[in-house]
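Now for the letters of each chain:
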Amino acid sequence: MSEFKHVAIIMDGNGRWARERLRPRIWGHVRGSTVVSDIVQTASDSGIKALTLYAFSTENWSRPKDEVSSLFKLLRKFLIKEKNRIIANNIKFKVIGEIENLPKETIALIREVESITDSSTGLNLTFAFSYGGRTEIVQAFNAFAKENPGKVMTEKSLSQYFYRPEIGDVDLMIRTGGEKRISNFLLWQMAYAELYFTDTKWPDFSPEEFQKILSEVSRRERRFGNVSVQSDLAESIEVAETNKNKKMKENTSDV
Ligand code: FPP
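Keep in mind the model is a prediction, meaning the values are calculated, not measured.

S.K.: How should I be thinking about helix 4 (residues 104-116) in this particular structure?
M.R.: Residue pairs three or four apart in sequence face the same way in an α-helix, which turns once every 3.6 residues. Over its 13 residues, helix 4 extends 18 Å from the first C-alpha to the last, a length consistent with the 18 Å expected when each residue adds 1.5 Å. Among the residues making up helix 4, those that are buried are Thr 106, Ile 107, Leu 109, Ile 110, Val 113 and Glu 114. Here the buried residues of helix 4 occupy an arc of 165° about the axis, which is enough to place them on one side. In helix 4, the exposed positions angled more than 90 degrees off the buried face are occupied by Lys 104 and Ser 115. In this structure, the buried residues of helix 4 make contact with helix 3 (65-88) and strand 3 (92-96).

Spelled out as structure tokens, the structure:
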């Protein structure tokens, strides 16, 4: 069972993967969407509590129109194809982001799957769609201010106004495709996340690589700004040894 409660993934490299094969970028997204199914299943089987996937950023609206609409289509296809598996695996599905500009039937399907899986107790699966981390923080500020006029804001009280407060902080963020950026993804929730960047482009990302990353990163020591228990202990032993040697030297010179 994985020790990571919340894993977030930036699924990058679809376009380059397709171009390398002399195919249109959209072909990469199509292949990428099949990988999404495999990784969701792996996360669910590994006992991860929450998986958040960056499927479409607020900046992605500026891509060519046909690419944008094919991403909406893929989201719809994914939900139609995977709905039963999501339900059977007790997965709770949600979308975070400003989705009101998506096609109406896509919004309706999202709301339907969200509502059917609302009482599920397994993996919290979140698609960040038309999502931006700064936008999420700003809307949380505004909602807090509106509902609590004159009240002092705390980290805890503000975080209740995020899109999906129950999933909490990110423990591990993986980005495929070779770039080393966080690209406006879950900015607040990633404050203490472990970061892992792989050159593998998303359509080639596999359950095996995912498992390998989980076990590799679980060997890292997470200190959350504190000091290492082990290095602290080693330092104390070293100081005690030095003091002991000093004392012994002093005693011998006294004789
Ligand atoms: C980044 O690759 C990827 C995206 C903007 C979209 C991610 C979408 C999928 C994985 C498929 C959609 C699946 C569902 C279920 C919605 P890029 O196009 O920026 O790649 P590049 O960096 O190589 O150009």
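So that's the structure; there's more coming.
S.K.: Sorry if this is basic, but what is going on with unusual backbone geometry here?
M.R.: What you tend to see is this: most non-glycine residues have negative phi, and most peptide bonds are trans. Non-glycine residue Leu 22 carries a positive phi angle of around 55°. Mapped onto the secondary structure, Leu 22 falls in the loop between helix 1 (14-20) and helix 2 (25-45). Look at Ser 130: it is not a glycine, yet its phi comes out positive at around 55°. Tracing the chain through its elements places Ser 130 in strand 4 (residues 124-131). We classify Ser 130 as buried; its relative accessible area is 2%.

S.K.: What am I meant to see in the sheet that holds strand 4 here?
M.R.: Strands belonging to one sheet form pairs held by backbone hydrogen bonds; the direction of such a pair is parallel or antiparallel. The sheet built from six strands is open, its strands ordered 3-4-2-1-5-6 with parallel pairing. The two strands at the open ends of the sheet, each matched to only one other strand, are strand 3 and strand 6 (194-197). Averaged over all pairs of adjacent strands, the angle between strand axes in this sheet comes to 20°, irrespective of strand direction. Both strand 2 (residues 50-57) and strand 4 contribute to a ladder of seven bridges, which runs parallel. Looking at the pairing, Leu 53 lines up with Phe 127 of strand 4. Seen against the sheet, helix 7 (residues 207-218) touches strand 1 (6-10), strand 5 (172-175) and strand 6 and runs at an angle of roughly 135° to strand 5.

S.K.: When you look at the packing of helix 3 against helix 4 in this model, what are you seeing that I'm missing?
M.R.: Any two packed helices are characterised by how steeply their axes cross, that is the angle between the axes, and by the distance between the axes. Contact geometry for helix 3 and helix 4: axes closest at 10 Å, N-to-C directions at 20°. Accordingly, the angle class assigned to the pair helix 3 and helix 4 is roughly parallel. The two elements helix 3 and helix 4 meet at a crossing, and its hand is left-handed. Contact with helix 3, carried on its side by Phe 72, Leu 75, Arg 76, Leu 79, Ile 80, Lys 83 and Ile 87, involves Glu 105, Thr 106, Leu 109, Ile 110, Glu 112, Val 113 and Ile 116 of helix 4 and no other residues of that element. Residues belonging to the contact of helix 3 with helix 4 are distributed by class as follows: nine nonpolar, one polar and four charged.

S.K.: How should the packing of helix 2 against helix 7 be read in this particular structure?
M.R.: Packing of helix 2 against helix 7 brings their axes to within 9 Å, and their N-to-C directions diverge by 40°. It follows that helix 2 is oblique to helix 7 by the angle criterion. The element helix 2 and its partner helix 7 pack so that their crossing is right-handed. For the pair formed by helix 2 and helix 7, the contact residues are Asp 38, Ile 39, Thr 42 and Ala 43 on the first element and Pro 207, Phe 210 and Gln 211 on the second. Of the residues assigned to the contact of helix 2 with helix 7, the class counts are four nonpolar, two polar and one charged.

S.K.: How should I be thinking about the nonpolar core in this particular structure?
M.R.: Soluble globular proteins: nonpolar side chains tend toward being buried together. Ranked by size, the top nonpolar core spans 42 residues in total, and within it Val 7, Ile 9, Leu 51 and Phe 210 carry the most contacts. Tallying contributions element by element places helix 3 first for this core, with seven residues. Setting aside anything within four residues of it in sequence, one finds Ile 9 in contact with Ile 39, Leu 51, Thr 52, Leu 53, Tyr 54, Ile 174, Phe 185, Trp 202 and Phe 210. Judged by nonpolar contacts, the second largest core, of 12 residues, contains Tyr 54, Met 173, Phe 185 and Leu 186.

The rules behind each value
- Residues numbered from 1 in each chain as written.
- Predicted model: local features only at pLDDT ≥ 70, side-chain atom pairs only at ≥ 80, totals over all residues.
- Heavy atoms only, no water.
- Helix = DSSP H or I, 4+ residues; strand = E, 2+ residues; numbered from the N terminus.
- Expected span 1.5 Å × (residues − 1).
- Buried < 20%, exposed > 50% of the residue type's maximum accessible area, 1.4 Å probe, protein only.
- Arc of directions from axis to C-beta.
- Contact = heavy atoms within 4.5 Å.
- Pairing = 2+ DSSP bridges.
- Axes fitted to C-alpha atoms, helices over the stretch in contact; angles between N-to-C directions.
- Parallel < 35°, antiparallel > 145°, perpendicular 65-115°, else oblique.
- Left-handed = near helix turned anticlockwise from the far one by under 90°.
- Nonpolar A, V, L, I, M, F, W, Y, C, P; charged D, E, K, R; others polar.
- Core = buried A, V, L, I, M, F, W, Y, C linked by side-chain atoms within 4.5 Å.

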